[in-house]
Amino acid sequence: MPIRMTGLNSGLDTESIIAALMSAQRTKQTKVENKKTKLEWKKEQWASLNTKIYNFYTNSLSKMKMKSTYMTKAATSSNTSKVTAKASTTAATGSYSVKVKNVASAQKVTSGKLNQVAVKDDKGQQVIGSDGKPVYENVTSSTKLKDIMGDSLKPGTQIKVAAGDKTVFLEVNDKTTVSDFVGKLNNAGLNASFDENQQRFFISSAKSGAGNSFTITSGTMDQNQQDATKALKNLIGYESMSSANKATADNIMAKLQTGTSVDDVIERLTTLANDYSDKKAKDIATKLYTAEAKKTIDDGFDNEVKKSLGKEEDANFTVQDSDRIKYLEDKGYKLDRSDGKTEQAALEEAKNKYIDKEAEKLIKKDDYKTKIEEAANNGLSSSEKDRLNALLKNDEKLTTEEAGIITTNRMDRTIATNSAIAGNDKEPGAAKKYSEAMKTFGSDDNSGEALKAIGLGRVAGDLVSKGQAATDSSQMAVIAAGDTEIEYNGAILTSDTTNITVAGIELNVLAATGDETVNISVTNDTSGVYDTIKEFISEYNAILKEMNTLYNAGSAKDYDVLSDEEKDAMSDSEVEKWEAKIKDSLLRRDTTLGSIVSSFKNKMMGTYTTSDGNRFSLAAIGISTSQDYKEGGLLHIKGDEDDPEYADKTNVLKNMLDKDPDTVIGVFTSLTDSLYSDLQKKMSATKMSSALTFYNDKEMSSQLSDYKDEISKWQSRLDEMEDKYYKQFSAMETALANLQSQQNSLASMLGGGN
């Protein structure tokens, strides 16, 4: 907006004058904006109400027009401590006999209590206590399995966990921990944990039933198998993977080991390998350019110190250590002079910390991020690699593998990786070599020595099917998995869970019954039907009450949308109450809403013919409106204990459900079907409304668009009008300036004549 200098010659406050003139003109635009705001509020209110009516239509109303809703059955058990029962609508009424022979159980394994492990120092040496004896400690989740297994751990030891159709393998090496073992058990679909208080593993199948048993065995890979495993893991960067990617890799390798076609998993392995090489390339590029960033900051350090002292233009000024120290301490890097450090050593240490921190910031900037991305994707030339590598300290120099990665572009790395994994006609790839080598599960350790060392032993064969009790704290205990087996009306039925559904009856088996017979009785559940009807009436009343309130709302003709200035002069609560008054009245006497309310009331107050040819209304079955007309047609169940007004009346509905349920069902299915059909017609698509919509949403959207166009046109018109006023006042100022200039000239001439 241009800066306008007004009133310089006339002395008039033209800004205020023009603002007053424009204020009167803007009133027309404001009226349109207020209409738009009210229509937006009205559309929001209708959208909210539409959702509630539609939910009532699709849920409660849709359910109540179906006869199956009223076919509620109740099942009772003669011994709920052994068997409980539920009946669906398809269950036949009658009595049924049940004997429980066995209850489904999950397989459970509890390890023997683990021995303490030796405490070792940073060099891996046994710690000796002050009493001259070795120090021992309890096993934790981070304890390495090698420290527990001791001599029983052979090179290439592998643990196999088979649960259902899933098999996983764990190679136990120097880094494998208790937590890794537990994680592998859980990856197989088991529930596993290590209790540090009890010093035991607790393992169970996730589901009950004999078909969900599991085995845990161990074996020893030969050298060929170990080499094949190492080669494949190195290619995909297994050791540097996240736990989630490791789990993915483990599953793929397990498939290769259990016979899955190599071709089926090569693509997934290649993806993992390429992800690893891409990450590795970016890490190396970041490492190299971080070194460059550090050098840049180091080279410019003294200049930064000079700048802080205001001496950056003084070529003769020499930075002293005292200047460097002050600069670093001002930046928060105080010198650490402990342990007899010299000031120079402490300064160097603080400066290095500063450089490291500033380098972190620098490589996050766009130019460095671009360099790193380009190096990772396109590779570096040998000279670039050598230049950057020269900036690294000796212990940071790139390895041969790293140097090869950073000087190779992404496409070449991908091709090389795929070739290494997939192989070719002449040379099989790492995936096939691994698959061929791992066809047998190492050398099966039938004695389970490695597993015994961690309190388990082999969990396989008869041990799984029969179970085993522990004879002392060092032995594991196994509970075999089993199926539920019952005798139902003389027939033998089984299930892998404690639930058996038969002929519409769901039996929950809790305990074996021995020779006892549990009787299950199925009857029609009139109380359930009553509760369903009561719930429907409650939901109907809630939606009707809201519609009545909106339709009969008080007028807000004296209320208009507040301007920003008016809002500023009021408190937040006052503004909220003012706007609520307007919003509450927006659907007052709305013809569309009135039509829906009429449908609700007319259909629920109508009479309907039942299967016996008689006509009934809701009043005839004990449901009526209140004598208080202000309720607007809300329904009440006579004798309903939750309705204070009618609680002392005879409950006609309950009596009819007990004596004549077909009449009640006939009335409700007929009236709800009629209301359902009426609402379905009301929300069909038209030129003014969308499908599944009870109000004219299309028409409102069109009106809003028209209002927006009208407001835009008004704004353009007002801008032109304001410019016109400014031009007119500017012309007046120019005329006054010319007049004043002429007067000054005349006065000067007259003065010169004296």
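Computed from a predicted model, the values in this text were never measured in an experiment.

1. Some details on the overall build of the protein
Here is step 1 of the chain: Scanning the protein for helices and strands turns up 23 helices and 22 strands.
Here is step 2 of the chain: Against the compact-globule benchmark of 27 Å for 754 residues, the protein has a radius of gyration of 43 Å, which places it well outside the compact range.
Here is step 3 of the chain: Over its C-alpha atoms, taken along the principal directions, the protein stretches across nearly 125 × 115 × 65 Å.
Here is step 4 of the chain: Scored against the burial criterion, the 754 residues of the protein give a buried share of 39%.
Here is step 5 of the chain: By sequence separation, contacts in the protein at least 24 residues apart represent 68% of the contacts at least 6 residues apart.
Here is step 6 of the chain: If you sum the accessible surface of the protein, you get close to 41700 Å²; carbon and sulfur atoms cover 46% of it.
Here is step 7 of the chain: A distance of 3 Å separates the average location of the 99 positive side-chain charges in the protein from that of its 114 negative side-chain charges.

2. Observations concerning the pairing of strand S18 (residues 518-524)
Here is step 1 of the chain: Bridge count for strand S1 (residues 73-77) against S18 is 5 bridges, and the pairing is antiparallel. Opposite Ala-74, over in S18, you have Thr-523 as the bridge partner.
Here is step 2 of the chain: One ladder, built from 5 bridges, connects strand S3 (residues 94-102) with S18; its direction is antiparallel. Bridge pairing links Ser-97 to Asn-519 in S18.

3. Concerning the layout of surface pockets
Here is step 1 of the chain: Roughly 500 Å³ of internal volume is contained in the largest pocket.
Here is step 2 of the chain: For the largest pocket, the lining is made up of 27 residues, of which Leu-170, Lys-184, Tyr-238, Lys-246 and Asp-250 are closest to its centre.
Here is step 3 of the chain: Elements represented by at least two residues in the lining of the largest pocket include exactly strand S8 (166-171), helix H3 (178-187), helix H4 (223-236) and helix H5 (243-257).
Here is step 4 of the chain: The greatest single-element share of the lining of the largest pocket, amounting to 7 residues, is contributed by H5.
Here is step 5 of the chain: Its residues placed into classes, the lining of the largest pocket shows 9 nonpolar, 10 polar and 8 charged.

4. Observations regarding the packing of aromatic side chains
Remark: the centre distance and the inter-plane angle together describe each pair of aromatic rings, the angle taken between the planes.
Here is step 1 of the chain: In the structure shown here, the tally under the stated rule is 15 aromatic pairs.
Here is step 2 of the chain: With a centroid separation of 5.6 Å and 65° between ring planes, the pair formed by Phe-301 and Tyr-354 is classed as edge-to-face. With Phe-301 in helix H7 (residues 301-308) and Tyr-354 in helix H9 (residues 343-362), the pair connects residues that are 53 residues apart, well separated along the chain.
Here is step 3 of the chain: Sitting over the ring of Tyr-530, Lys-654 keeps its end group 4.8 Å from the ring centre.
Here is step 4 of the chain: Above the face of the Trp-714 ring, Arg-717 is positioned so that its terminal group lies 4.4 Å from the ring centre.

5. Here's the deal with the pairing of strand S11 (residues 214-220)
Here is step 1 of the chain: Counting buried residues along S11, 5 of its 7 residues qualify, which places the element largely inside the surrounding structure.
Here is step 2 of the chain: Bridge count between strand S7 (residues 157-163) and S11: 7 bridges; the pairing is antiparallel. Paired with Thr-157 across the bridge in S11 is Thr-220.

6. Structural notes on the packing of helix H6 (residues 262-299) against helix H10 (residues 366-378)
Here is step 1 of the chain: Look at H6 against H10: their axes get within 8 Å of each other, and the N-to-C directions meet at 140°. Looking at the two axes, H6 sits oblique to H10. As H6 packs across H10, the resulting crossing turns out to be right-handed. Contacts from Ala-281, Lys-282, Ala-285, Thr-286, Tyr-289, Glu-292, Ala-293 and Thr-296 of H6 reach H10 at Tyr-368, Lys-371, Ile-372, Glu-373, Ala-375 and Ala-376.

7. Quick look at empty space enclosed by the protein
Here is step 1 of the chain: With the rule as written, the count across this model stands at 1 cavity of 30 Å³ or more.
Here is step 2 of the chain: Considering only enclosed or pocket space, the largest cavity measures out at about 40 Å³ in volume.
Here is step 3 of the chain: Lining the largest cavity we find Ser-60, Lys-63, Met-64, Thr-532, Glu-535, Phe-536 and Glu-539.
Here is step 4 of the chain: Broken down by secondary-structure element, the contributors of at least two residues to the lining of the largest cavity are helix H1 (14-64) and helix H17 (526-551).
Here is step 5 of the chain: The leading source of residues in the lining of the largest cavity is H17, at 4 residues.

8. Considerations on the pattern of salt bridges
Here is step 1 of the chain: Taken as a whole and judged by the stated rule, the model has 34 salt bridges.
Here is step 2 of the chain: Of the charged contacts in the structure, one is a salt bridge between Lys-82 and Glu-516, with a shortest N-O distance of 3.5 Å. On the criterion of sequence distance, the pair formed by Lys-82 in the loop between S1 and strand S2 (83-87) and Glu-516 in the loop between strand S17 (505-509) and S18 is long-range, its members being 434 residues apart.
Here is step 3 of the chain: The partner of Asp-302 in a salt bridge is Arg-324, with the nearest N and O atoms 2.9 Å apart.

9. Thoughts on the sheet that holds S2
Here is step 1 of the chain: Spatially, 3 strands are ordered S2-S17-S16 in an open sheet, and the strand pairing comes out antiparallel. Each edge of the sheet is formed by a strand with only one pairing partner; in this case those strands are S2 and strand S16 (499-502). Looking at each pair of strands side by side, their axes are set apart by 20° on average, direction ignored.

Definitions and cut-offs
Residues numbered from 1 in each chain as written. Predicted model: local features only at pLDDT ≥ 70, side-chain atom pairs only at ≥ 80, totals over all residues. Heavy atoms only, no water. Helix = DSSP H or I, 4+ residues; strand = E, 2+ residues; numbered from the N terminus. Rg over C-alpha atoms; globule rule 2.2 N^0.38 Å. Buried < 20%, exposed > 50% of the residue type's maximum accessible area, 1.4 Å probe, protein only. Contact = heavy atoms within 4.5 Å. Areas by Shrake-Rupley, 256 points an atom, 1.4 Å probe, with all protein chains shown as cover. Lys, Arg positive; Asp, Glu negative; His and termini not counted. Charge placed at Lys NZ, Arg CZ, Asp CG, Glu CD. Pairing = 2+ DSSP bridges. 1 Å grid on protein atoms, 1.4 Å probe; cavity = no way out; pocket = protein on both sides within 12 Å on 5 of 7 lines; lining within 4 Å. Points joined across faces, edges and corners; volume = space filled by probe spheres on them. Nonpolar A, V, L, I, M, F, W, Y, C, P; charged D, E, K, R; others polar. Phe/Tyr/Trp six-rings, centres within 6.5 Å; stacked < 30°, edge-to-face > 60°. Lys NZ or Arg CZ within 6 Å of the ring centre and 35° of its normal. Axes fitted to C-alpha atoms, helices over the stretch in contact; angles between N-to-C directions. Parallel < 35°, antiparallel > 145°, perpendicular 65-115°, else oblique. Left-handed = near helix turned anticlockwise from the far one by under 90°. Salt bridge = Lys/Arg side-chain N within 4 Å of Asp/Glu carboxyl O.

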